[in-house]
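Descriptive structure summary
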Amino acid sequence: MLIGATLPATNLHFFQARRASFRRNGSPLNPSANLVDTQTVKTEMTKKHLSNLEKLLQNQSRKSQLLDNDSRGEIHPRESRSNGSKENRGKKLLEGLNLSRIWPEHKVAEEMSPRHLNKLKKLLSSNNIEYSPRNNLGSRWKEYHGCKDWLGLIDPLNENLRRELIRYGEFIQAAYHCFHSNPATCNEGDSRKVALPDKSYKVTKSLYATSSIGLPNWVDDVAPDLGWMTQRSSWIGYVAICNDRSEIKRMGRRDIVIALRGTATCLEWGENFRDLLVQIPAETTEIESESGEGQAKVECGFLSLFQTAGVNVPSLAESVVNEVQRLIEQYKGESLSITVTGHSLGAALALLVADEVSTCTPDAPPVAVFSFGGPRVGSRSFADRLNSKNVKVLRIVNNQDVITRVPGMFVSEELDKKLRESGFVSGVLNVLDKSMPWAYAHVGTELRVDTRMSPFLKPDADVACCHDLEAYLHLVDGYFASNCPFRANAKRSLTKLLSEQRSNIKRLYTNKAKGLNLNLEREHSFSTPSCLPSPSS
């Protein structure tokens, strides 16, 4: 019998060391053996030693089993000693070796105890979501909104901030769901109903993005049923405002939310690939003029979707500014905040929206951006422009999400920061920032999560899973701190994640989900107004 054939290759050195000790000192199981320095004898002796080891372990296993059963008053026939198959002998050998002490990861089987199965059933059941009450933010709401750049709230992640991030992420999910329920409609008078996850908010305006590029007419003739994929204007999000008095009191202000979905149509994908930096056609801010850094630049495709007007709809920039101005005037005198949230393309457009609404009125409320899986949007001058307008940005980034590292040069933010700390290199990079058409820079504070920290997702999950919004919310719900694993008391339902990313869920959990006979195809239910369905302290 060969141990190496049944054990992981990563720990072969353990047994090689043992074999070496056999050759040098002789076997404690066969003291009479003489060691001869020839390859043939060494091989034969090793086989003999391992055979003796196997017999010893089997005898010990039988004795312990007999003693255990005798203590319960059970009778064992003698013939059972010689009845074991090769499979049983191998199993007893592995049990005797106590591999769980050598490879701790084998403890995964322990997670499927009745207690863990019960917890898994709860996480997989939409009807049994565990809710966490919302704490009163009170006078600290500005801290959670970013007035101090979330200092001391991210590592470890503050439980109230976690709840707020999950809530804004579910506003984006509502935008996705609303678009896919009727993607073809593209008129401003569209009486579209958005199933908000929070009933204390009311939608006041639908938002549309229009591409400046188009596809040939013959495309519609070839695929008439997919006309919405090639239409220039598409519903991309909404503006909503909190109207519930108890919720306003809990949050410490009346909140205006602007939620934007990610890429969904062919023309939006086309705009994504127009990655040259272009100047924003607006007046240069004072800080830019004084620093000499030049006018802020953003990606051509993002700017096109933001500023282009459609046949039946105004531009996204015009719509959102007019609606925010109207709401600010309507609730003048109240404490207000503007929260812009988006995923993927929506995260990029969220920065352009925040840049625009932050100065749409003389006394604009505090503006914060919560983005999930957002790409780079503009130049370093654009980041300085947002900072000068006091726009606060919190980017939620997955380590394995490639979208967060494009467009521009494929360099991590950590490396870029280190290079800029060097005097000479920093000067060279500053020159490149002004002259290169792909000199992008991220903006704001970063919350970095990691797919590999989830006990449910495969560590080698594919690109789609690493960029998926529900996967992001799952990781945020489980995140505790940068140096800590996925928190054990995370309670966000796995129903939506499993139904959308089944191939990226560890087989252990997909198999158990089948055994639990759960209906995973049902629509994902939203939370109730008074509770949040996920984070827990």
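Before going into details, it helps to say that this report is about the structure given with it. None of these values were measured; they are calculated from a predicted model.

Rules and cut-offs
- Residues numbered from 1 in each chain as written.
- Predicted model: local features only at pLDDT ≥ 70, side-chain atom pairs only at ≥ 80, totals over all residues.
- Heavy atoms only, no water.
- Helix = DSSP H or I, 4+ residues; strand = E, 2+ residues; numbered from the N terminus.
- Buried < 20%, exposed > 50% of the residue type's maximum accessible area, 1.4 Å probe, protein only.
- Polar contact = N/O pair within 3.5 Å; in protein donor to acceptor, adjacent residues only side chain to side chain.
- Contact = heavy atoms within 4.5 Å.
- Pairing = 2+ DSSP bridges.
- Axes fitted to C-alpha atoms, helices over the stretch in contact; angles between N-to-C directions.
- Left-handed = near helix turned anticlockwise from the far one by under 90°.
- Nonpolar A, V, L, I, M, F, W, Y, C, P; charged D, E, K, R; others polar.
- Expected span 1.5 Å × (residues − 1).
- Core = buried A, V, L, I, M, F, W, Y, C linked by side-chain atoms within 4.5 Å.
- Parallel < 35°, antiparallel > 145°, perpendicular 65-115°, else oblique.

1. A few points about the side chain of Thr308
By the secondary structure assignment, Thr308 is in the loop between helix H12 (300–307) and helix H13 (316–330). Accessibility expressed as a relative area gives 16% for Thr308, which makes it buried. At a separation of 2.6 Å, a polar atom in the side chain of Thr308 contacts the main-chain carbonyl oxygen of Ser304. Residues contacting Thr308, with those up to four places away along its chain left out, are Thr210, Ser211, Ser212, Arg232 and Ser315.

2. Remarks on the sheet that holds strand E3 (residues 233–242)
Judged by pairing direction, the sheet is mixed, and its 7 strands sit side by side in the order E2-E3-E4-E7-E8-E9-E10 without closing on themselves. Where the open sheet ends on each side, the last strands, each with one partner, are strand E2 (201–210) and strand E10 (445–449). Averaged over all pairs of adjacent strands, the angle between their axes in this sheet comes to 20°, without regard to strand direction. Along the sheet face, helix H6 (residues 159–181) touches E2, E3, strand E4 (254–260), strand E7 (336–343), strand E8 (367–372), strand E9 (392–398) and E10 and points at about 140° away from the line of E3.

3. What to know about the packing of H12 against helix H14 (residues 345–357)
Where H12 contacts H14, the two axes come as close as 10 Å, and the packing angle between them is 65°. Seen along the crossing, H12 lies across H14 with a hand that is right-handed. Each of Phe302, Leu303, Leu305 and Phe306 in H12 lies in contact with H14, whose residues at this interface are Leu345, Ala348, Leu349, Leu352, Val353 and Glu356. Of the residues that constitute the contact of H12 with H14, the class distribution is 9 nonpolar, no polar and 1 charged.

4. Some remarks on H14
Taking 1.5 Å of rise per residue, 13 residues should cover 18 Å, and H14 covers 18 Å from first to last C-alpha, within 8% of that figure. With 12 of 13 residues buried, H14 lies mostly within the body of the structure. By the burial criterion, the buried members of H14 are Leu345, Gly346, Ala347, Ala348, Leu349, Ala350, Leu351, Leu352, Val353, Ala354, Asp355 and Val357.

5. A closer look at helix H15 (residues 380–388)
Looking at H15, one finds that the buried residues are Ser381, Phe382, Ala383, Arg385 and Leu386. Downstream of H15 by one or two residues, Asn390 has phi in the positive range, about 65°.

6. Details of the nonpolar core
A general tendency of soluble globular proteins is for nonpolar side chains to be buried together. Of all hydrophobic cores here, the largest spans 57 residues; its most connected members are Leu161, Tyr238 and Leu394. Ranked by residues supplied to this core, first place goes to H6 with 11 residues. Residue contacts for Leu394: discarding those within four places in its chain leaves Trp150, Ile154, Leu161, Leu165, Val369, Phe370, Ser371, Thr445, Glu446 and Leu447.

7. Thoughts on the packing of H6 against helix H19 (residues 469–478)
Running from N to C, H6 and H19 cross one another at 170°; their axes reach a closest spacing of 10 Å. One element, H6, and the other, H19, form an angle in the roughly antiparallel class. Where H6 approaches H19, its residues Arg162, Leu165, Ile166, Gly169, Glu170, Ile172, Gln173 and Tyr176 are matched on the opposing element by Leu469, Glu470, Leu473, Val476 and Asp477.

8. Re the environment of Gly169
Mapped onto the fold, Gly169 is located in helix H6. Separated by 201 residues in sequence, Gly169 and Phe370 have C-alpha atoms that sit 8.4 Å apart. With near-sequence residues (within four places) excluded, Gly169 lies in contact with Phe372, Leu469 and Leu473.

9. So, the side chain of Arg253
In this fold, Arg253 is placed in the loop between helix H9 (245–251) and E4. Residues in contact with Arg253, not counting those within four places in the same chain, are Leu137, Trp141, His145, Tyr168, Ile248, Ser335, Leu336, Ser337 and Thr339.

10. A word on the environment of Gly346
Structurally, Gly346 is set in helix H14. Here the alpha-carbon distance between Gly346 and Pro375, two residues 29 residues apart in the chain, equals 9.7 Å. Setting aside residues no more than four positions away along its own chain, Gly346 makes contact with Leu260, Arg261 and Gly262.

11. Looking at unusual backbone geometry
With omega at 5°, the peptide bond leading from Asp155 into Pro156 counts as cis. Here Pro156 shows up in the loop between helix H5 (141–144) and H6. The omega torsion of the bond from Val406 to Pro407 falls at -5°, within 30 degrees of zero and hence cis. Relative to the helices and strands, Pro407 resides in the loop between E9 and helix H16 (413–420). Phi is positive for Asp149, which is not a glycine, with a value near 55°. Here Asp149 is to be found in the loop between H5 and H6.

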